[in-house]
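Listed below, chain by chain, are the residues.
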Amino acid sequence: MGKTVLILGGGVGGLVAANKLRSWLAGEHEVTLVDRQASFAFAPSFLWVMTGSRTAQKISRPLARLERRGIEVVRGEVESIEPFSRGVIVDGRSLEADYLVIALGAELAPELVPGLSQAGHDLYSLEGALSLREALSHFAGGRLVLLTAAPGYKCPAAPYEAAMLIEHECRRRGVRGQTEIELYSAEPAPMGVAGPEVSESVVRMLGEKGIRYHPGQQIQTVEAGRRLRFAGGLEAAFDLLAYVPPHRAPEVVREAGLTDESGWISVDRHTLQTRFPDVWALGDVVSIPLKLGKPLPRAGVFAHREAEVVARNIRRAISGKGRQAAFDGRGQCFIEAGSGKAGLGHGSFYAEPLPEVRLHRPARRWHLAKVFYEKEWLGRWL
Ligand SMILES: Cc1cc2nc3c(=O)[nH]c(=O)nc-3n(C[C@H](O)[C@H](O)[C@H](O)COP(=O)(O)OP(=O)(O)OC[C@H]3O[C@@H](n4cnc5c(N)ncnc54)[C@H](O)[C@@H]3O)c2cc1C
């Protein structure tokens, strides 16, 4: 008898899981994907939208394209999830699943910092990248501040990459001499889970570009007079502000009782199974604790690899085919450094007692590899 696999979220993880399952399962089984958005936008390219080297159209694809591959796409808001029965309500309509995959990502919550969204540009949304692009194209110099509002955000490299790309953009536009660039981070060091050597390399890269770095600063409020106020009394003025908002699990996930004390969904670190039968969760919505006391960083590369594991194991549960797969905590990430160069970090985040991560120095080839990856990824999954 045909089974139904319901995938909540058509982002990085949801797309990979849906495509893999559709290609592996016989036609009698249904694969359905739900998302509130009509189209998918490739978030690693938001940084290039910000600098003007990509348009929103260039990095977006309609989710309806999945229909051509035999995946049913339901556009709507996931309003409730009943994990025991695997029942879901989407825009008032009930959907039932034999196998449920939750890939709803992280919710961005700028409203947790008073004044933040009114004063600055959200680096982590497409709209924010577009508005920052517009602001940068008119920026004539002054104090340009980047801020991470809370530690534990997805893609730990992104705000550091943004600072270096903005620095390059200021040079390109001839306003670097009149511009001070500062980065205030809530976390004590860049990409801390990757280890002190990676952190030091990133701090060095910022220093070489004259970007002043202020780690461990917890923002409290952003005042209307373009002033940041941090816990501990530090204050900083700005003319242009770009920020990474606080993250949390989506409201529907929190209300379903799926989260634990971490505030996120806990899963088996190898199979991504939740404590509910035939319910998996993957990507940014989960928290996987590591031995060093911090969780696995949230990143598309992990969402992607976790989705492949989940798809394999659901295929096996349905058809008995294939091997049981296990996620191994390996991943890699490009670090855009400006001037057409990027670094590459890669390694094993499940290594114990500490993750083992190597960073390759910025070079043209890693930047080109990221360009290739973007094209390949979008072409393959949508
Ligand atoms: C600026 C930036 C740069 C990045 N660069 C990199 C990088 O270089 N490398 C890397 O590995 N990662 C990068 N990332 C992180 C990466 O994009 C995320 O980790 C990845 O998208 C997580 O995948 P996911 O499937 O868990 O969630 P998402 O891709 O966020 O997908 C979640 C989906 O769920 C949908 N959704 C949520 N709630 C509901 C609801 N209630 N109803 C209906 N739909 C809902 C959303 O619309 C969304 O489509 C970057 C992120 C940003 C913002």
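Just so it is clear, the model here is predicted, and its values are computed rather than measured.

This part covers the environment of alanine 342. As for its position among the elements, alanine 342 is in strand β22 (residues 341–348). Classification of alanine 342 as buried rests on a relative accessible area of 0%. Separated by 311 residues in the primary sequence, alanine 342 and valine 31 place their C-alpha atoms 37 Å from one another. With sequence-adjacent residues up to four places away left out, alanine 342 is seen in contact with Ile335, Glu336, Ala337, Arg361, Pro362, Ala363, Trp366 and His367.

To continue, consider the domain arrangement of the protein. How big an interface is tends to be stated in terms of accessible area lost as the parts join. Per the domain assignment, the segments of the protein are domain 1 (4–106 + 249–319) and domain 2 (110–246). Relative placement of domain 1 and domain 2: their C-alpha centres are 29 Å apart. The interface of domain 1 with domain 2 comprises 18 residues on the first partner and 20 residues on the second. Between domain 1 and domain 2, a total of about 1500 Å² is buried, with carbon and sulfur atoms accounting for 75% of that surface. Looking only at domain 1, the three residues that lose the most surface to domain 2 are Phe46, Leu47 and Met50, adding up to 39% of its buried area. There are 0 salt bridges connecting domain 1 and domain 2. Connecting domain 1 to domain 2 are 2 residue pairs in polar contact (both at pLDDT 80 or more). With 5 residues, the single largest contributor to the side of domain 1 that touches domain 2 is helix α2 (residues 46–51).

What counts as what
- Residues numbered from 1 in each chain as written.
- Predicted model: local features only at pLDDT ≥ 70, side-chain atom pairs only at ≥ 80, totals over all residues.
- Heavy atoms only, no water.
- Helix = DSSP H or I, 4+ residues; strand = E, 2+ residues; numbered from the N terminus.
- Buried < 20%, exposed > 50% of the residue type's maximum accessible area, 1.4 Å probe, protein only.
- Contact = heavy atoms within 4.5 Å.
- Domains from an automatic or database assignment.
- Buried area = accessible area lost by both parts, 1.4 Å probe.
- Salt bridge = Lys/Arg side-chain N within 4 Å of Asp/Glu carboxyl O.
- Polar contact = N/O pair within 3.5 Å; in protein donor to acceptor, adjacent residues only side chain to side chain.

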